[in-house]
Amino acid sequence: MIDLYTWPTPNGFKVSILLEELSLPYNVIPVDIGKGAQFEPEYLKLNPNNKMPTIVDNEGPDGRPYTVMESGAILIYLADKHGKFLPKGGEARYDVLQWLMWQMGGLGPMLGQAHHFLQYAPEKIEYAMNRYSNEANRLYGVLNKRLTGRDYVAGDYSIADMAIMPWLRYPDRQGVDIEQYPEVKRWRESLEARPAVQKGLGVLAEHRRTGPITDEQREVMFGKKQYEKR
């Protein structure tokens, strides 16, 4: 059994989608990042970086519980353990890993900044808004070119697709017009039609924020509390 510590965010959905695609049983433990649950001492024992998601595989190596943090590492760990969605070796494996790293090192952080400055920042800073919306469009363009003539990002359906897609569900919030990237739109819609993806995206749906971010949530996620020594 897998314990999944998560919240309804793109990084959290990566892991819940893979767990659903693998048909693995798992327990969902909410980590309410707006209330600071990621800073609780018990959670920091699992993830000293105070981010989510984190998993505890209660049947880890040698049959003992094993904790994995960082969404990309979790995807690799689960895919390798169960022998699906990540080729075992050769060019096919490295193709998947390249695009997974592209998401982890570029797409996720840059779209996160676009979200922040376009949606959450208390001040509208034109330079930052333009910088990150422009970079978001550049990254969508890279992916659009990659997907031309392809059903999936790297060979067969893989953890690379699962990692990238959750970040592209609300392009308007990133300063992106999805109609300018038809290959991305086609690919995203094909993934969203998968039953396992729908289930994965439904995890903690009742906790999704529907209104504006509150001052308390902004302070917890982006203010001084984020940088306190622990």
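As a starting point, this report considers the structure included with it. (Residues numbered from 1 in each chain as written. Predicted model: local features only at pLDDT ≥ 70, side-chain atom pairs only at ≥ 80, totals over all residues. Heavy atoms only, no water.)

Here's the deal with the nonpolar core
- Ranked by size, the top nonpolar core spans 61 residues in total, and within it Ile55, Leu78, Leu143, Ile159, Leu168, Val184 and Trp187 carry the most contacts.
- When residues of this core are assigned to their parent elements, the largest contribution, seven residues, is made by helix α4 (residues 90–120).
- Those residues in contact with Trp187 that sit more than four places away from it in its chain are Leu143, Leu147, Asp151, Tyr152, Val153, Asp161, Ile164, Met165 and Leu168.
- With six residues, the next largest nonpolar core counts Ala114, Phe117, Leu118 and Ala128 among its residues. (Core = buried A, V, L, I, M, F, W, Y, C linked by side-chain atoms within 4.5 Å. Buried < 20%, exposed > 50% of the residue type's maximum accessible area, 1.4 Å probe, protein only. Helix = DSSP H or I, 4+ residues; strand = E, 2+ residues; numbered from the N terminus. Contact = heavy atoms within 4.5 Å.)

What to know about the pattern of salt bridges
- Evaluated as defined, the whole model comprises nine salt bridges.
- Here Lys45 makes a salt bridge to Glu42, at a shortest N to O gap of 3.0 Å. Here Glu42 and Lys45 lie together in helix α2 (residues 41–46), a separation of three residues that amounts to about one turn.
- By relative accessible area, which is 62% here, Lys45 ends up exposed.
- As a salt-bridge pair, Arg188 and Glu192 come within 4.0 Å of each other at their nearest N and O atoms. Taken together, the residues span about one helical turn, with Arg188 and Glu192 both in helix α7 (residues 182–192) at a distance of four residues.
- By relative accessible area, which is 10% here, Arg188 ends up buried. (Salt bridge = Lys/Arg side-chain N within 4 Å of Asp/Glu carboxyl O.)

Describing the side chain of Ser16
- If you trace the backbone, Ser16 turns up in helix α1 (residues 10–21).
- With sequence-adjacent residues up to four places away left out, Ser16 is seen in contact with Leu4, Tyr26, Gly200 and Val203.

A closer look at the packing of α1 against helix α3 (residues 71–82)
- Running from amino to carboxyl end, α1 crosses α3 at an angle of 10 degrees, the nearest separation of the two axes being 9 Å. Judged by the inter-axis angle, α1 sits roughly parallel to α3. Residues Asn11, Lys14, Val15, Leu18 and Leu19 of α1 lie in contact with α3, whose contacting residues are Ser71, Ile74, Leu75, Leu78 and Ala79.
- Looking at side-chain class alone, the contact of α1 with α3 contains seven nonpolar, two polar and one charged residues. (Axes fitted to C-alpha atoms, helices over the stretch in contact; angles between N-to-C directions. Parallel < 35°, antiparallel > 145°, perpendicular 65-115°, else oblique. Nonpolar A, V, L, I, M, F, W, Y, C, P; charged D, E, K, R; others polar.)

Concerning the environment of Asp32
- Mapped onto the fold, Asp32 is located in the loop between β2 (26–30) and α2.
- Here the alpha-carbon distance between Asp32 and Tyr5, two residues 27 residues apart in the chain, equals 9.8 Å.
- In this structure Asp32 touches Trp7, Ala37 and Gln38, once residues within four positions along its chain are discounted.
- Here Gly34 takes part through its backbone nitrogen, which lies 3.0 Å from a polar atom of the side chain of Asp32. (Polar contact = N/O pair within 3.5 Å; in protein donor to acceptor, adjacent residues only side chain to side chain.)

Observations regarding the sheet that holds strand β3 (residues 54–57)
- Spatially, four strands are ordered β2-β1-β3-β4 in an open sheet, and the strand pairing comes out mixed. Edge positions in the open sheet fall to β2 and β4 (66–69), since each of these has one partner strand only. Direction aside, the axes of adjacent strands within the sheet are offset by 20 degrees on average.
- In the sheet, strand β1 (residues 2–6) pairs with β2 via five bridges, with the strands oriented parallel. By the bridge assignment for β2, Leu4 is matched with Val28.
- On the sheet, α1 packs against β1, β2 and β3 and is oriented at approximately 155 degrees with respect to β1.
- Along the sheet, α3 contacts β1, β3 and β4; its crossing angle with β4, the most-contacted strand, is approximately 135 degrees. (Pairing = 2+ DSSP bridges.)

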